[in-house]
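Commentary on secondary and tertiary structure
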Amino acid sequence: MHPNLEPIAFLIGRWEGAGVGGYPTIESFNFGQEIEFGHNGKPFLSYVSRTWLLDQAGDRVRPLATESGYWRALPDRQLEVVLSHPTGIVEIYVGEVVFHKIELQTDVVARTVTAKEYTAGRRLYGLVNGNLMWAYDMAAVGHPLTSHMSAELKKVA
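What counts, and where the lines are drawn
Residues numbered from 1 in each chain as written. Predicted model: local features only at pLDDT ≥ 70, side-chain atom pairs only at ≥ 80, totals over all residues. Heavy atoms only, no water. Helix = DSSP H or I, 4+ residues; strand = E, 2+ residues; numbered from the N terminus. Rg over C-alpha atoms; globule rule 2.2 N^0.38 Å. Buried < 20%, exposed > 50% of the residue type's maximum accessible area, 1.4 Å probe, protein only. Contact = heavy atoms within 4.5 Å. Core = buried A, V, L, I, M, F, W, Y, C linked by side-chain atoms within 4.5 Å.

**Structural notes on the overall build of the chain**
- The secondary structure content of the chain amounts to 0 helices and 10 strands.
- Counting from the amino terminus, the chain carries its helices and strands in the arrangement β-β-β-β-β-β-β-β-β-β.
- Expected size for 157 residues packed as a compact globule is a radius of gyration near 15 Å; at 15 Å, the chain falls within 12% of this value.
- With respect to the three principal axes, the spread of C-alpha positions in the chain is 45 × 35 × 25 Å.
- Counting over 157 residues, the chain shows a buried share of 40%.
- For the chain, the share of sequence-separated contacts (at least 6 apart) that also reach a separation of at least 24 residues comes to 39%.

**A look at the nonpolar core**
- One finds Ile8, Leu11, Phe37, Trp71, Ile102 and Trp134 to be the most contacted residues of the largest nonpolar core, which totals 35 residues.
- Discounting residues that sit within four places of it in the chain, Trp134 has contacts with Phe31, Gln33, Ile35, Leu124, Tyr125, Met149, Ser150, Ala151 and Leu153.

**Quick notes on unusual backbone geometry**
- A positive phi angle, close to 65°, is found at Arg77, a residue other than glycine.
- Among the structural elements, Arg77 can be located in the loop between strand S4 (60–73) and strand S5 (78–85).
- Look at Val141: it is not a glycine, yet its phi comes out positive at around 40°.
- Topologically, Val141 is positioned in the loop between strand S9 (131–140) and strand S10 (146–155).

As C-alpha coordinates, then:
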(Lines give C-alpha, C1' and ligand atoms only; values in the text may rest on other atoms or scores of the structure.)
Protein backbone atom coordinates (compact mmCIF):
# COMPACT_ATOMS: atom_id res chain seq x y z
CA MET A 1 0.00 0.00 0.00
CA HIS A 2 1.24 3.48 -0.82
CA PRO A 3 2.36 5.30 2.38
CA ASN A 4 0.09 8.29 1.63
CA LEU A 5 -2.92 5.97 2.06
CA GLU A 6 -2.11 5.12 5.67
CA PRO A 7 -4.44 7.81 7.18
CA ILE A 8 -7.42 6.56 5.12
CA ALA A 9 -6.60 2.84 5.01
CA PHE A 10 -9.46 2.20 7.46
CA LEU A 11 -11.88 2.92 4.59
CA ILE A 12 -10.68 0.04 2.39
CA GLY A 13 -13.31 -2.65 1.92
CA ARG A 14 -17.04 -2.95 1.43
CA TRP A 15 -19.50 -1.23 3.75
CA GLU A 16 -23.29 -1.67 4.00
CA GLY A 17 -25.97 -0.04 6.08
CA ALA A 18 -28.85 2.39 6.18
CA GLY A 19 -29.52 6.05 6.67
CA VAL A 20 -31.95 8.92 6.47
CA GLY A 21 -32.32 11.75 4.00
CA GLY A 22 -34.33 14.87 3.38
CA TYR A 23 -34.12 18.37 2.01
CA PRO A 24 -36.42 21.41 2.00
CA THR A 25 -37.65 20.43 -1.48
CA ILE A 26 -38.38 16.73 -0.76
CA GLU A 27 -39.96 14.52 1.88
CA SER A 28 -37.76 12.69 4.37
CA PHE A 29 -36.82 9.13 3.41
CA ASN A 30 -34.92 6.06 4.58
CA PHE A 31 -32.30 4.49 2.36
CA GLY A 32 -29.94 1.55 2.17
CA GLN A 33 -26.38 1.95 0.96
CA GLU A 34 -23.30 0.04 -0.06
CA ILE A 35 -19.89 1.66 -0.49
CA GLU A 36 -16.73 0.03 -1.74
CA PHE A 37 -13.24 1.48 -1.36
CA GLY A 38 -10.47 -0.33 -3.25
CA HIS A 39 -6.80 0.26 -4.01
CA ASN A 40 -4.12 -0.93 -6.42
CA GLY A 41 -0.95 0.25 -4.68
CA LYS A 42 -1.01 3.80 -6.04
CA PRO A 43 -1.78 6.83 -3.79
CA PHE A 44 -5.57 6.75 -4.29
CA LEU A 45 -8.62 4.71 -3.39
CA SER A 46 -11.28 3.85 -5.94
CA TYR A 47 -14.79 4.54 -4.66
CA VAL A 48 -18.30 3.44 -5.63
CA SER A 49 -21.50 4.19 -3.70
CA ARG A 50 -25.01 2.91 -4.44
CA THR A 51 -28.18 3.78 -2.56
CA TRP A 52 -31.78 2.61 -2.74
CA LEU A 53 -35.05 3.74 -1.18
CA LEU A 54 -36.29 1.64 1.74
CA ASP A 55 -39.92 1.24 2.77
CA GLN A 56 -41.15 1.26 6.40
CA ALA A 57 -40.28 -2.46 6.75
CA GLY A 58 -36.72 -1.84 5.51
CA ASP A 59 -37.25 -3.52 2.13
CA ARG A 60 -35.77 -2.12 -1.09
CA VAL A 61 -38.23 -0.08 -3.15
CA ARG A 62 -36.11 1.34 -5.99
CA PRO A 63 -32.60 2.59 -6.75
CA LEU A 64 -31.67 6.12 -5.67
CA ALA A 65 -28.28 7.76 -6.23
CA THR A 66 -24.98 6.30 -7.33
CA GLU A 67 -21.59 7.95 -7.50
CA SER A 68 -18.07 6.86 -8.28
CA GLY A 69 -14.62 8.34 -8.21
CA TYR A 70 -11.26 8.46 -6.53
CA TRP A 71 -10.00 9.51 -3.13
CA ARG A 72 -6.48 10.89 -3.67
CA ALA A 73 -4.28 10.81 -0.58
CA LEU A 74 -1.72 13.60 -0.32
CA PRO A 75 1.09 14.25 2.17
CA ASP A 76 0.22 15.78 5.54
CA ARG A 77 -3.13 13.94 5.76
CA GLN A 78 -4.68 16.06 3.01
CA LEU A 79 -7.24 14.62 0.55
CA GLU A 80 -8.62 15.37 -2.88
CA VAL A 81 -11.78 13.52 -3.85
CA VAL A 82 -13.09 13.43 -7.41
CA LEU A 83 -16.69 12.18 -7.81
CA SER A 84 -18.95 11.79 -10.81
CA HIS A 85 -22.70 11.21 -10.89
CA PRO A 86 -24.84 9.83 -13.74
CA THR A 87 -27.11 12.87 -13.27
CA GLY A 88 -24.52 15.09 -14.98
CA ILE A 89 -22.63 16.40 -11.95
CA VAL A 90 -18.89 16.21 -11.22
CA GLU A 91 -17.45 17.32 -7.87
CA ILE A 92 -13.94 17.91 -6.57
CA TYR A 93 -13.66 17.90 -2.80
CA VAL A 94 -10.67 18.94 -0.70
CA GLY A 95 -10.16 18.15 2.93
CA GLU A 96 -8.13 16.45 5.58
CA VAL A 97 -7.98 13.41 7.82
CA VAL A 98 -7.67 13.78 11.58
CA PHE A 99 -7.32 10.36 13.22
CA HIS A 100 -10.39 8.50 11.87
CA LYS A 101 -12.37 11.63 10.95
CA ILE A 102 -12.48 13.03 7.42
CA GLU A 103 -13.84 16.48 6.59
CA LEU A 104 -14.37 17.44 2.94
CA GLN A 105 -15.85 20.43 1.14
CA THR A 106 -16.31 21.07 -2.56
CA ASP A 107 -13.67 23.07 -4.34
CA VAL A 108 -15.28 22.68 -7.77
CA VAL A 109 -18.75 21.64 -8.93
CA ALA A 110 -19.43 21.21 -12.64
CA ARG A 111 -22.70 20.14 -14.21
CA THR A 112 -24.18 19.50 -17.59
CA VAL A 113 -26.95 21.71 -18.95
CA THR A 114 -29.52 19.03 -18.04
CA ALA A 115 -28.35 18.53 -14.44
CA LYS A 116 -30.27 20.02 -11.52
CA GLU A 117 -28.79 23.10 -9.89
CA TYR A 118 -26.21 22.03 -7.35
CA THR A 119 -23.54 24.46 -6.13
CA ALA A 120 -21.70 23.03 -3.10
CA GLY A 121 -21.30 20.06 -0.80
CA ARG A 122 -19.76 19.25 2.55
CA ARG A 123 -19.10 15.69 3.77
CA LEU A 124 -18.03 14.30 7.11
CA TYR A 125 -16.90 10.68 7.53
CA GLY A 126 -15.81 9.00 10.74
CA LEU A 127 -15.05 5.60 12.16
CA VAL A 128 -17.15 5.18 15.32
CA ASN A 129 -17.07 1.87 17.22
CA GLY A 130 -15.92 0.13 14.04
CA ASN A 131 -18.76 1.55 11.90
CA LEU A 132 -18.43 4.13 9.16
CA MET A 133 -20.65 7.11 9.94
CA TRP A 134 -21.12 9.89 7.40
CA ALA A 135 -23.15 13.04 6.86
CA TYR A 136 -23.65 15.11 3.72
CA ASP A 137 -24.79 18.73 3.45
CA MET A 138 -25.57 20.24 0.06
CA ALA A 139 -26.43 23.59 -1.48
CA ALA A 140 -28.90 23.11 -4.32
CA VAL A 141 -31.96 24.60 -6.03
CA GLY A 142 -31.58 27.95 -4.28
CA HIS A 143 -30.90 26.64 -0.76
CA PRO A 144 -27.63 27.20 1.16
CA LEU A 145 -25.67 24.27 2.61
CA THR A 146 -28.34 22.20 4.34
CA SER A 147 -28.30 18.72 5.85
CA HIS A 148 -29.29 16.19 3.17
CA MET A 149 -28.24 12.63 4.09
CA SER A 150 -26.48 10.62 6.79
CA ALA A 151 -25.89 6.92 7.39
CA GLU A 152 -24.20 4.28 9.51
CA LEU A 153 -22.44 1.48 7.64
CA LYS A 154 -20.87 -1.77 8.83
CA LYS A 155 -17.82 -3.32 7.20
CA VAL A 156 -18.80 -6.53 5.42
CA ALA A 157 -15.66 -7.34 3.42
